Amino acid sequence: MTLPRPKTEDFGARLSFDRGSPGRRAVDVPAWAGDERPLPDTHLLRDSLRLPELSQGELVRYYTALSARNFGIDSGTYPLGSCTMKYNPKVDDLVASSAGFATAHPQSPAEEAQGTLRTLLELRRGLGEATGLPAVSLAPAAGAQGELAGVLMITRALEDRGELETRRRILVPDSAHGTNPATAAMAGFAVTQIPTAADGSLDRATIEQELDESVAAVMVTAPNTLGLWEQGIEDVADLIHGAGAYLYGDGANFNAIMGRVRYGDLGFDVVHLNLHKSFSTPHGGGGPGAGPVCCSEELAPYLPTPVVEECEDGLVRLTAPERSIGQLQQFHGNVGVLIRAYAYMRALGLKGLRAVSGQAVLNANYLRVLLHGHYDLPYDRPVLHEVVFSGSRQRREHGVRTYDIAKRLIDHGFHPPTVYFPLIVEEALMMEPTETEPPEAIEAFAAAMIAIAEEAEEDPEELHGAPWTAPIGRLDEATAARRPVLRWQEEGADSPA
Ligand SMILES: *Cc1c(COP(=O)(O)O)cnc(C)c1O
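Residues numbered from 1 in each chain as written. Predicted model: local features only at pLDDT ≥ 70, side-chain atom pairs only at ≥ 80, totals over all residues. Heavy atoms only, no water.

Overview of helix α14 (residues 439-458)
Just so we agree on the cut-off: Note on conventions: DSSP H or I runs of at least 4 residues are helices, E runs of at least 2 residues are strands, and numbering of each starts at the N terminus. Any helix carries an expected span of 1.5 Å times its number of residues minus one. The rule is simple: take the accessible area with a 1.4 Å probe, protein chains only, and divide by the maximum for that residue type; under 20% is buried, over 50% is exposed, in between is partly exposed. Contacts are residue-level and defined by heavy atoms, with any inter-residue pair within 4.5 Å sufficient.
Across its 20 residues, α14 extends 28 Å between first and last C-alpha, which sits within 8% of the 28 Å expected from 1.5 Å per residue. Listing the buried residues of α14 in full gives Ala441, Ile442, Phe445, Ala446, Ala448, Met449, Ile450, Ile452, Ala453, Glu455 and Ala456. Lining the buried residues of α14 we find α11 (335-371), α12 (392-398), α13 (402-411), β12 (428-431) and α15 (460-464).

If you want it as structure tokens, here you go:
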């Protein structure tokens, strides 16, 4: 017989303010032995300040318990599709935080920052080489900002060709990341949606039909958000160029192809990469990112400022391209993220990058095969970096939605995948294991997904209330976003406006 497991105390269950006892202290401050100084005017002083009254040990347990509440890639599998939540080597953090890089001031004269600038130059050259698009600005601070830079560059190029007045449309596939149509609209273009063909790729006939002298560009995510490669993109590029338009590449999914395929070789004119997905900076949580924009020689004069260049006197400097779209933000983007990417790239080399993309694709396909038959797979063919299943069978047969499945995964110890995206897949479950998950972790994740499919058949009601093990199960998400309560309030106090 096994004894029931006693429930251990959860030291993070109550806020520090709500536990402890009056008079208890975490530190004993010695009496002040120096001169006494007058306090500021009393109107500057608070008349009450409630502080938590805890011993040091209680405080340590409290914060330790809270720190363990956060789920991250260091605590488990994080298959959030499209986000490439892979393990990032700690040595890259170490390099980026070394004193020479971390203390460099953005306004230092170039002569005093040659180490940092030369590192950025080498990163720039490496990304140019990896994408086959040699002109690069490292300035954009996110994927979406890289997109905006790219589309503004196209705008300037059209202006110089005298065609900005007539070319007012950008074609965007219906499987695109939401940032693509948003970028096109922000840059002042009308968006024409291109449907996805039955096999999950771009509908070529519609592109051919839509291409005329009113089209400025076509934005293509490659690989696309279904984890599929656009077969024949080279021919589509020719069509686009033949019609006088540009081909923009969303390279946020570069993880699947790096070291193997180069955007420039396929005919893309400009792409952005997400260094905070493929190149060693964790994605998500709203932290700093880097979305370098890489382009052909034709578009190089329009790159955002600054661009790192080696000058004739041998010094590396930050320069402004001749017809630059201007500066996107202060200084030179998120240099810490750029240094991490450089360290990652140098440590792996071309062979290593190729191994990364190969393993990422293998892992996504392993997961695809393990879950095949348990969930619907609307585009049933080998994938690249991620696989998009659908919970539509569970919804139709048992009234269990993708939302319930995602929440139940938390009880099984996994971070949920991306859900309800891409929009063209009903009840979408978008999973990206990345190259850093070992086979056992992928098998364990698949086993949890299969167990949930069985729970959906046997006990669908249970799933509607999941997660059962998290401190808070289901939030009222609209209220949480619109009226967040971010500060502790004394019991019974009025909620802040
Ligand atoms: C993540 C992602 C983006 C946006 O990148 P951010 O850095 O979040 O702005 C754009 N397109 C695709 C395909 C992505 O996966």
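What to know about the domain arrangement of the protein
Applied cut-off: Start and end points for every domain follow an automatic or database-based domain assignment. Simply put, the buried area is the total loss of 1.4 Å probe accessible area from both parts when two parts are fitted together.
Domain annotation for the protein reports domain 1 (91-347) and domain 2 (349-470). With centres defined by C-alpha atoms, the gap from domain 1 to domain 2 works out at 30 Å. Between domain 1 and domain 2, the residue contacts involve 30 residues of the former and 24 residues of the latter. Where domain 1 abuts domain 2, roughly 2,100 Å² becomes buried across the two surfaces, and 60% of that area is made up of carbon and sulfur atoms.

Brief notes about the site of the ligand
Put simply, the test is: Nearness is judged by heavy atoms alone; a residue qualifies as near a molecule or strand once a single heavy atom is within 4 Å of it. Any pair of N or O atoms that falls within 3.5 Å is considered a polar contact. Within protein, one atom must be able to donate a hydrogen and the other to accept it, and sequence-neighbouring residues count only if both atoms are side-chain atoms. Note that accessible areas follow from Shrake-Rupley with a 1.4 Å probe, and for residues the cover is restricted to the protein chains shown.
Close to the ligand lie 15 residues, the nearest being Gly143, Ala144, Asp250, His276 and Lys277. At 2.6 Å from a nitrogen atom of the ligand is found a side-chain nitrogen or oxygen belonging to Asp250. In the environment of the ligand, an oxygen atom lies 2.6 Å from a nitrogen or oxygen atom belonging to the side chain of Lys277. Surface burial for the ligand is 89%, taken as the share of its 390 Å² of free accessible area covered by protein chains. Listing elements by their share of the shell around the ligand, those giving two or more residues are α5 (143-161) and α10 (275-278).

Let's talk about the side chain of Asn180
Assignment of secondary structure puts Asn180 in helix α6 (residues 179-186). A polar contact is formed between the side chain of Asn180 and the side chain of Asp250, at a distance of 3.0 Å. Setting aside anything within four residues of it in sequence, one finds Asn180 in contact with Glu147, Val172, Met219, Thr221 and Asp250.

Some points on helix α8 (residues 233-242)
Filter applied, for reference: This arc is taken over the directions from the axis of the helix to the C-beta atoms.
Inspection of α8 places Ile233, Val236, Ala237 and Ile240 among the buried residues, and these make up the whole buried set. Viewed end-on, α8 has its buried residues packed into an arc of 105 degrees, placing them on one side of the element. Away from its buried face by more than 90 degrees, α8 exposes Asp238 and Gly242. Where α8 is buried, its residues touch α7 (204-210), β4 (215-221), β5 (246-251) and α9 (263-266).

Structural notes on the nonpolar core
Let me state the cut-off plainly: Side-chain atoms within 4.5 Å are what join buried Ala, Val, Leu, Ile, Met, Phe, Trp, Tyr and Cys residues into a set we call a nonpolar core.
Among the nonpolar cores identified, the biggest contains 55 residues, and Leu123, Tyr263, Phe268, Leu275 and Phe279 are the most heavily contacted of them. In terms of residue count, α11 provides more of this core than any other element does, ten residues in total. Structurally, this core is a two-domain feature, drawing no fewer than three residues from each of domain 1 (91-347) and domain 2 (349-470). Filtering out sequence-adjacent residues up to four positions away, Phe279 remains in contact with Leu127, Phe254, Met258, Asn274, Arg340, Ala341, Tyr344, Met345 and Leu353. Leu377, Val387, Phe389 and Ile450 belong to the second-largest nonpolar core, a separate cluster that totals 32 residues.

So, the pattern of salt bridges
The following threshold applies: Any Lys or Arg side-chain nitrogen located within 4 Å of an Asp or Glu carboxyl oxygen qualifies as a salt bridge.
Inspection of every chain in the model, using the stated rule, returns 28 salt bridges. For Arg323, the salt bridge identified is with Asp160, shortest N-O distance 2.7 Å. Separated by 163 residues along the polypeptide, Arg323 in the loop between β9 (316-319) and α11 and Asp160 in helix α5 bring together distant segments of the chain. Here Asp160 falls in the partly exposed class, since its relative accessible area comes to 41%. One network of salt bridges, with partners in common, ties together Arg118, Arg125 and Glu310.

With respect to the sheet that holds β12
The following threshold applies: When DSSP finds two or more bridges between a pair of strands, those strands are recorded as paired.
The strand order across the open sheet formed by three strands is β10-β12-β11, and the pairing between neighbours is antiparallel. Two strands in the sheet have a free side with no partner beyond their single neighbour: β10 (387-390) and β11 (418-419). Relative to β12, β10 runs antiparallel, the two sharing four bridges. Within the sheet, the bridge partner assigned to Ser390 lies in β12 and is Ala428.

Some remarks on the pairing of strand β8 (residues 307-310)
Examined bridge by bridge, β8 and β9 share four bridges and lie antiparallel to one another. Of the residues in β9, the one forming a bridge with Val307 is Thr319.

Section: the layout of surface pockets
Convention followed: Here a cavity is any set of points on a 1 Å grid over the protein atoms alone where a 1.4 Å probe fits but cannot get out, and a pocket is any open set with protein on both sides within 12 Å along at least 5 of 7 lines; a residue lines the site when it has an atom within 4 Å of a point. Grid points are joined across faces, edges and corners, and a volume is the space filled by probe spheres set on the points. Amino acids are sorted into nonpolar (Ala, Val, Leu, Ile, Met, Phe, Trp, Tyr, Cys and Pro), charged (Asp, Glu, Lys and Arg) and polar (every other residue, Gly among them).
Each pocket or cavity is described by its volume, and for the largest pocket that value is around 1,100 Å³. Surrounding the largest pocket, 27 residues form its lining, Arg69, Ile410, Thr469, Ala470 and Pro471 being those nearest its centre. The residue makeup of the lining of the largest pocket, split by class, is 13 nonpolar, seven polar and seven charged.

Structural notes on the packing of helix α4 (residues 114-131) against α11
Note the threshold: Interaxial angle, 0 to 180 degrees, is taken between N-to-C directions of lines fitted to C-alpha atoms, where a helix line uses only the stretch in contact. In what follows, roughly perpendicular refers to angles from 65 to 115 degrees, roughly parallel to angles under 35, roughly antiparallel to angles over 145, and oblique to any angle outside these ranges. With the far helix as reference, a near helix turned anticlockwise by less than a right angle produces a left-handed crossing, and one turned clockwise produces a right-handed crossing.
Contact geometry for α4 and α11: axes closest at 10 Å, N-to-C directions at 60 degrees. Relative to α11, the element α4 lies oblique. Crossing hand, α4 versus α11: left-handed. Two secondary-structure elements touch here, α4 through Thr116, Thr119, Leu120, Glu122, Leu123, Gly126 and Leu127 and α11 through Val335, Leu338, Ile339, Ala341, Tyr342, Met345 and Arg346. Looking at the contact of α4 with α11 residue by residue, the classes come out as nine nonpolar, three polar and two charged.

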